[in-house]
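# Survey of secondary and tertiary structure
What follows is the residue order along each chain.
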Amino acid sequence: MILAHIIVKEREQTMDIIKLLTEKDLIFSAVISTKKVYEKNKKTGEIEDLEHTLIIGKTKALLFSTINALLKEKYPKSMPMLYAIPIIYMDDELTEMVRSNTALV
């Protein structure tokens, strides 16, 4: 099991991504959090504060490649950042809920 982290720069993508991934049973559930991100502007050298949205979805590790390919296909010009955090320990009931409510692999 993993937590798929999807960082979206364009907030309007957020619900589209959640709907896409839940309709295809690629994630079990999603949490949304808006975060301030600080980046150095390469042209000016100034530190800029930006607002990004983080989507965290519980899913199976074997679905990561499918999620990545689907997001690349859907957002070729504005691909969100995608990475995974492994879930080391999880309650047995929650594990079974994620297994039974996501796509078969």
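Up top is the structure.
A brief look at the structure comes next. (Residues numbered from 1 in each chain as written. Predicted model: local features only at pLDDT ≥ 70, side-chain atom pairs only at ≥ 80, totals over all residues. Heavy atoms only, no water.)

When strand 2 (residues 29-40) meets strand 3 (residues 47-59), the two strands line up antiparallel, connected through 12 bridges. Note that in strand 3 the partner of T34 across the bridge is T53. (Pairing = 2+ DSSP bridges. Helix = DSSP H or I, 4+ residues; strand = E, 2+ residues; numbered from the N terminus.)

All right, on to the nonpolar core then. Ranked by internal contacts, the top residues of the largest apolar core, which has 17 residues, are I6, I17, L21, L26, I67 and L71. For this core, the element with the highest residue contribution is helix 1 (residues 13-23), accounting for 4 residues. Those residues within four positions of L21 in sequence are excluded, and the remaining contacts are I6, L26, I27, I67 and L70. (Core = buried A, V, L, I, M, F, W, Y, C linked by side-chain atoms within 4.5 Å. Buried < 20%, exposed > 50% of the residue type's maximum accessible area, 1.4 Å probe, protein only. Contact = heavy atoms within 4.5 Å.)

A cluster of nonpolar side chains, M81, Y83 and I85, forms an exposed patch at the surface whose accessible area comes to about 260 Å². By the secondary structure assignment, Y83 is in strand 4 (residues 81-86). Since its relative accessible area comes to 31%, Y83 is described here as partly exposed. (Patch = residues over 30% accessible without salt bridge, like charges linked within 9 Å, V, L, I, M, F, W, Y side chains within 5 Å. Areas by Shrake-Rupley, 256 points an atom, 1.4 Å probe, with all protein chains shown as cover. Salt bridge = Lys/Arg side-chain N within 4 Å of Asp/Glu carboxyl O.)

Before going further, it helps to spend a moment on the pairing of strand 1 (residues 2-8). Counting buried residues in strand 1 gives 5 out of 7 residues, a clear majority hidden from the surface. The pairing of strand 1 with strand 3 spans 7 bridges and is antiparallel. Across the sheet, the residue bridging to V8 is T53, located in strand 3. In the sheet, strand 1 pairs with strand 4 via 6 bridges, with the strands oriented antiparallel. By the bridge assignment for strand 4, I2 is matched with P86.

Bringing helix 1 into the picture now. If you check which residues of helix 1 are buried, you get Q13, T14, I17, I18, L20 and L21. Down the axis of helix 1, the smallest arc covering the buried residues is 165°, so these residues share one side. As for helix 1, its buried residues are in contact with strand 1, strand 2, strand 3 and helix 2 (64-74). Once helix 1 ends, the next one or two residues include D25, with phi positive near 55°. (Arc of directions from axis to C-beta.)

Looking now at the packing of helix 1 against helix 2. Running from N to C, helix 1 and helix 2 cross one another at 135°; their axes reach a closest spacing of 12 Å. The angle between helix 1 and helix 2 places the two elements in the oblique class. Handedness of the crossing formed by helix 1 with helix 2: right-handed. Side by side, helix 1 and helix 2 meet where I17, L20 and L21 of the first sit next to I67, L70, L71 and K74 of the second. Taken together, the residues that form the contact of helix 1 with helix 2 break down as 6 nonpolar, no polar and 1 charged. (Axes fitted to C-alpha atoms, helices over the stretch in contact; angles between N-to-C directions. Parallel < 35°, antiparallel > 145°, perpendicular 65-115°, else oblique. Left-handed = near helix turned anticlockwise from the far one by under 90°. Nonpolar A, V, L, I, M, F, W, Y, C, P; charged D, E, K, R; others polar.)

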